[in-house]
Amino acid sequence: MIEKVVTSGVFALDGGTWEVDNNVWIVGSGEEVVVIDAAHDAPAILAAVGDRRIKAVVCTHAHNDHINAARGLVEATGATVRLHPADDVLWRMEYGDALPYAPLADGETLTVGGVRLEVLHTPGHSPGAVCLHAPEQGTVFTGDTLFAGGPGATGRSYSSYDTIIESIRTRLLSLPGDTVVRTGHGGTTTIAAEGPAITG
């Protein structure tokens, strides 16, 4: 079971602000789910989850527009936040020490409602960016690492174009070509559709 909730708010970094729409992914079963990227609107996310248990709030990275509803979900449900610790500097910009998280590790497998999510560390958009591959569902949740049309932005602090391209080439383009890419903003794509933009 994969559901999408689109929320709207502000992305702020390096002294700038941008109005953005974010994809929040709810993955699991009729009993339990994980929320991938708790963005902007905790009540809307909680309404979509309904009476299911939130096993974890999983962050693909710690830019504020992907984590700023995490506190609301934790306070409402007691769920654990999961984040790669290389993004701690970005996390602290939003929460300081006020909201703890449990570290995600490259190669770790999360299981929720019968769905396996394999953690792929894909730095570049941010140091601790991860993608979550669900092999049995033929999909990967890429946050802001890979979009329809190419890699995520790397023009701000703590990002690197060369690193994101290497991450995509080595961690994502090796996935089956028909793998559906579910992104942090905008529409879906496939690994095969994005390969030429990265390798060409």
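None of these values were measured; they are calculated from a predicted model.

Definitions and limits used
Residues numbered from 1 in each chain as written. Predicted model: local features only at pLDDT ≥ 70, side-chain atom pairs only at ≥ 80, totals over all residues. Heavy atoms only, no water. Helix = DSSP H or I, 4+ residues; strand = E, 2+ residues; numbered from the N terminus. Rg over C-alpha atoms; globule rule 2.2 N^0.38 Å. Buried < 20%, exposed > 50% of the residue type's maximum accessible area, 1.4 Å probe, protein only. Contact = heavy atoms within 4.5 Å. Phe/Tyr/Trp six-rings, centres within 6.5 Å; stacked < 30°, edge-to-face > 60°. Lys NZ or Arg CZ within 6 Å of the ring centre and 35° of its normal. 1 Å grid on protein atoms, 1.4 Å probe; cavity = no way out; pocket = protein on both sides within 12 Å on 5 of 7 lines; lining within 4 Å. Points joined across faces, edges and corners; volume = space filled by probe spheres on them. Nonpolar A, V, L, I, M, F, W, Y, C, P; charged D, E, K, R; others polar. Core = buried A, V, L, I, M, F, W, Y, C linked by side-chain atoms within 4.5 Å.

**Comments concerning the overall build of the protein chain**
Each helix and strand counted, the protein chain has six helices and 14 strands in total. In terms of overall size, the protein chain behaves like a compact globule, its C-alpha atoms giving a radius of gyration of 15 Å where 200 residues would be expected to give roughly 16 Å. A principal-axis box enclosing the C-alpha atoms of the protein chain has dimensions of 45 × 40 × 30 Å. Taking all 200 residues of the protein chain together, the buried fraction comes to 52%. Contacts in the protein chain between residues far apart in sequence, at least 24 positions, make up 53% of those at least 6 positions apart.

**Re the packing of aromatic side chains**
Under the definition given, this model contains four aromatic pairs. With 5.5 Å between their ring centres and 75 degrees between their planes, Trp91 and Tyr101 make a pair best called edge-to-face. Residue Trp91 is found in helix H4 (residues 88–95), and its partner Tyr101 is found in the loop between H4 and strand S6 (102–103); the two are separated by 10 residues along the sequence. Grouped by ring-pair contacts, the aromatic residues Trp91, Tyr95 and Tyr101 constitute a single cluster. The ring of Trp18 has Arg156 sitting right over it, with the charged end atom 4.2 Å from the ring centre.

**Examining empty space enclosed by the protein**
Applying the stated criterion across every chain, the model contains one cavity of 30 Å³ or more. Reported here for the largest cavity is a volume of approximately 40 Å³. Along its surface, the largest cavity is lined by Phe11, Leu13, His63, His125, Ala153, Thr154, Gly155, Arg156, Ser157 and Ser159. For the lining of the largest cavity, the residue count by class is three nonpolar, six polar and one charged.

**Examining the nonpolar core**
If you look at the biggest cluster of nonpolar residues, it comprises 29 residues, and the most contacted ones within it are Val35, Ala38, Ile45, Val57, Ala70, Val81 and Trp91. Those elements that provide at least two residues to this core are strand S1 (2–13), strand S2 (16–28), strand S3 (32–36), helix H1 (42–49), strand S4 (53–58), helix H3 (70–77), strand S5 (80–83) and H4. In contact with Val81, other than residues within four places in its own chain, are Val57, Cys59, Ala70, Val74, Trp91, Leu99, Pro100, Tyr101 and Ala102. Membership of the second largest hydrophobic core comes to 16 residues, among which are Val112, Leu117, Leu132 and Phe141.

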